[in-house]
Amino acid sequence: MIAYVPDLDHYRKTIGLNIDYENEFPGAICFKEDEVLKAISQLDSYDYEKLSDFQKKYIVHDDGKDTKRIVELVHELMK
């Protein structure tokens, strides 16, 4: 997971956040496009334990078919 959030401070100050990005988000937090590219090139140093903790807290309804549903939704929206 990589978060591209150039407007993170804006959301933090206005509507608020439901995720503590700095302490809980398991991947890179990027504010600029070049940071995203750097994060992609460093995926081999990913913290899978932190990812597991994040998934247990925020992704509680995982049935293994999320990607299939997203692809089906995109296809439906493109009709």
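Thresholds applied
Residues numbered from 1 in each chain as written. Predicted model: local features only at pLDDT ≥ 70, side-chain atom pairs only at ≥ 80, totals over all residues. Heavy atoms only, no water. Helix = DSSP H or I, 4+ residues; strand = E, 2+ residues; numbered from the N terminus. Rg over C-alpha atoms; globule rule 2.2 N^0.38 Å. Contact = heavy atoms within 4.5 Å. Lys, Arg positive; Asp, Glu negative; His and termini not counted. Charge placed at Lys NZ, Arg CZ, Asp CG, Glu CD. Phe/Tyr/Trp six-rings, centres within 6.5 Å; stacked < 30°, edge-to-face > 60°. Buried < 20%, exposed > 50% of the residue type's maximum accessible area, 1.4 Å probe, protein only. Salt bridge = Lys/Arg side-chain N within 4 Å of Asp/Glu carboxyl O.

Another aspect to go through is the overall build of the protein. Scanning the protein for helices and strands turns up five helices and two strands. Mapped from its N terminus to its C terminus, the protein presents α and β elements in the order β-α-α-β-α-α-α. For 79 residues, the compact-globule estimate of 2.2 N^0.38 gives 12 Å, and the protein exceeds it by more than 25% at 15 Å. By principal-axis analysis of the C-alpha atoms, the protein measures approximately 35 × 30 × 25 Å. Considering only contacts in the protein between residues 6 or more positions apart, those separated by 24 or more positions represent 67%. Where the 11 positive side-chain charges of the protein centre and where its 17 negative ones centre are 3 Å apart.

Applying the stated criterion across every chain, the model contains three aromatic pairs. Measuring from ring centre to ring centre gives 5.7 Å for Phe25 and Phe54, while their planes differ by 80°; the resulting arrangement is edge-to-face. Of this pair, Phe25 sits in the loop between helix H2 (21-24) and strand E2 (28-30) while Phe54 sits in helix H4 (residues 48-58); the two residues are 29 residues apart in sequence, bridging distant segments of the chain. Summarising the burial analysis for this pair, Phe25 and Phe54 share the class buried. Taken together, the ring pairs in this structure connect Tyr21, Phe25, Phe54 and Tyr58 into an aromatic cluster.

In this section: the pattern of salt bridges. Enumeration according to the criterion identifies seven salt bridges in this entry. Arg12 serves as the salt-bridge partner of Asp9, at 2.8 Å between the closest nitrogen and oxygen. Taken together, the positions of Asp9 and Arg12, both in helix H1 (residues 8-13) and three residues apart, correspond to about one turn of that helix. Among the salt bridges present, the one from Asp66 reaches Arg69, with a minimum N-O distance of 2.6 Å. On the criterion of helical spacing, the pair formed by Asp66 and Arg69 is a turn pair, its members being three residues apart in helix H5 (residues 66-77). Looking at Asp66, the relative accessible area reads 29%, which means it is partly exposed. Residue Arg69 is classed as partly exposed on the basis of its relative accessible area, which comes to 39%.

Don't take any of this as a statement about function, it's just geometry.
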